[in-house]
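Residue-level structural notes
Each chain, written out:
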Amino acid sequence: MSAFQLDRDGAVAHLRLSRPEASNALDLSFWRDFGPALRALDATGEVRALVISGEGRNFCAGMDISVFSGGTILKTDTPAGRQAFHQAARELQDALSWIERVRFPVIAAVQGACVGAGLDLVAACDLRLAAAGAWFRIEEINIGMMADVGSLQRLPHILPEAVVRELAYLGTSLTADRAERLGFVNAVLPDAEALLAAALEMAKAVAAKAPLAISGSKAAIAYARDHTVAEGLEWAAVMQGSIWNTSDILAAIQARMTRTPAEFAPLEPHAGIGTGEG
């Protein structure tokens, strides 16, 4: 995994974009390995929160030029070429959508620049923290193309539409302070060290909650985003009946009464279809 390093400390996982010399631009190895890495974490049932950070000065400079260097993705002068381009775009989108599909919350810790595909990535995260001086930009419009890997689809559900249009049309930067005022980031920390510490502390706090309740809450919020209130309420009633866990509720109440950490069972591991494992 040359594009990132992945570590675990108990129920908290930490994925570090590890190409600081390239401002953590997302190269082919990232797009190949990112989705499978998140699926593998989810499959254990033991991970309860994930922090994504970037090494070096910047969080992410966007798509690495190597993704286009082969030339195939740029050959759109025939119907077959355009179909292949469409398929490639869907695969890029699918890699980042795994952030939403995993059963645990994903927290982005952003310092410096977060542009292009980097913004696509953090827009898919559940929570976002930023260091002072961080900034976000839909860079694609500045190089003559429409963003197509998630920013234009997810940001309108997080930021005011007028602000998304400003970023999408003008290619201007959204500063960390303004992003916090608008609700895009949950907090701004003084520097990169404080940022990572806060993100890991937040992840540990999430991991201390009942995993079934957390995963259900994440799924409910995602469902509500794309459905009416009435549909969301009906879905929540069905989901609650599916994951209601008296043991977790009693453990949480007991922990509150005794002021001790609650002990919750991990999520059920799953091997997936076609792995040959039970």
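Use the structure listed above.
Residues numbered from 1 in each chain as written. Predicted model: local features only at pLDDT ≥ 70, side-chain atom pairs only at ≥ 80, totals over all residues. Heavy atoms only, no water.

The next subject is the overall build of the protein. Within the protein, the regular secondary structure consists of 11 helices and 9 strands. Seen through its principal axes, the protein has C-alpha atoms that stretch 65 × 45 × 40 Å. Burial analysis of the protein (278 residues in total) assigns 42% to the buried set. For the protein, the share of sequence-separated contacts (at least 6 apart) that also reach a separation of at least 24 residues comes to 70%. (Helix = DSSP H or I, 4+ residues; strand = E, 2+ residues; numbered from the N terminus. Buried < 20%, exposed > 50% of the residue type's maximum accessible area, 1.4 Å probe, protein only. Contact = heavy atoms within 4.5 Å.)

Take unusual backbone geometry next. The phi dihedral of Asn-24 falls on the positive side, at around 60°, and the residue is not glycine. Relative to the assigned elements, Asn-24 resides in the loop between β2 (12–17) and α1 (28–44). With phi around 55°, Arg-259 is a residue other than glycine that occupies positive phi space. Structurally, Arg-259 is set in the segment after α11 (246–258). Looking at Arg-259, the relative accessible area reads 80%, which means it is exposed.

A few words now on empty space enclosed by the protein. One pass over the structure, following the stated rule, counts 1 cavity of 30 Å³ or more. Taken together, Val-47, Arg-48, Arg-103, Phe-104, Val-206, Lys-209, Pro-211, Ile-214, Ser-215 and Leu-267 make up the full set of residues lining the largest cavity. Top element by residues in the lining of the largest cavity is helix α9 (residues 211–225). It accounts for 3 residues. Of the residues belonging to the lining of the largest cavity, the class tally is 6 nonpolar, 1 polar and 3 charged. (1 Å grid on protein atoms, 1.4 Å probe; cavity = no way out; pocket = protein on both sides within 12 Å on 5 of 7 lines; lining within 4 Å. Points joined across faces, edges and corners; volume = space filled by probe spheres on them. Nonpolar A, V, L, I, M, F, W, Y, C, P; charged D, E, K, R; others polar.)

Where α9 contacts helix α10 (residues 229–243), the two axes come as close as 10 Å, and the packing angle between them is 160°. In terms of orientation, α9 lies roughly antiparallel with respect to α10. The two elements α9 and α10 cross, and the hand of that crossing is right-handed. Between α9 and α10, the residues in contact are Leu-212, Gly-216, Ala-219, Ala-220 and Tyr-223 and Glu-231, Gly-232, Trp-235, Met-239 and Ile-243, respectively. Considered class by class, the residues forming the contact of α9 with α10 number 7 nonpolar, 2 polar and 1 charged. (Axes fitted to C-alpha atoms, helices over the stretch in contact; angles between N-to-C directions. Parallel < 35°, antiparallel > 145°, perpendicular 65-115°, else oblique. Left-handed = near helix turned anticlockwise from the far one by under 90°.)

Looking now at the sheet that holds strand β8 (residues 173–175). In space, the 3 strands of this open sheet follow the order β5-β7-β8, with mixed pairing throughout. Edge positions in the sheet fall to β5 (113–115) and β8, since each has one partner strand and no second. Between one strand axis and the next, the sheet turns by 25° as a mean value, whatever way the strands run. Of the pairings in the sheet, the one linking β5 to strand β7 (residues 135–137) comprises 3 bridges and is parallel in character. (Pairing = 2+ DSSP bridges.)

Interhelical geometry of α1 versus helix α3 (residues 79–101) gives an angle of 30° and a closest axis separation of 9 Å. On the basis of the axis angle, α1 is roughly parallel to α3. Between α1 and α3 the crossing geometry is left-handed. Residues Phe-30, Trp-31, Phe-34, Gly-35, Leu-38 and Arg-39 of α1 lie in contact with α3, whose contacting residues are Leu-92, Ala-95, Leu-96, Trp-98 and Ile-99. Classifying every residue of the contact of α1 with α3 by side-chain character gives 9 nonpolar, 1 polar and 1 charged.

What follows covers the environment of Leu-155. Here Leu-155 lies in the loop between α5 (151–154) and α6 (161–170). Taking relative accessible area as the criterion, Leu-155 reaches 1% and is therefore assigned buried. A sequence separation of 29 residues divides Leu-155 from Phe-184, and the C-alpha atoms of the two residues are 8.6 Å apart. The contacts of Leu-155, once residues within four sequence positions are left out, are Leu-119, Ala-123, Ile-138, Gly-150, Val-164 and Phe-184.

Here we take up the sheet that holds strand β4 (residues 106–110). Read across the open sheet, the 6 strands follow the order β1-β2-β3-β4-β6-β9; overall the sheet is mixed. Whereas interior strands pair on both sides, the edge strands pair on one side only; in this sheet they are β1 (4–9) and β9 (187–189). Neighbouring strand axes in the sheet, compared pairwise and without regard to direction, differ in orientation by 20° on average. Summarising the sheet, β1 and β2 pair through 6 bridges and their orientation is antiparallel.

What follows deals with α3. In this model, α3 (23 residues) spans 32 Å end to end at C-alpha, consistent with the 33 Å of a helix rising 1.5 Å per residue. For α3, the principal kink sits at Ala-95 and spans about 30°. Residues Gly-81, Ala-89, Leu-92, Ala-95, Leu-96, Ser-97, Trp-98 and Ile-99 constitute the buried set of α3. Of the surrounding elements, those touching the buried residues of α3 are α1, β4, α4 (117–123), α5 and α9. (Expected span 1.5 Å × (residues − 1). Bend = angle between axes of the 7 residues up to and from the residue.)

Purely geometric numbers; function is a separate question.
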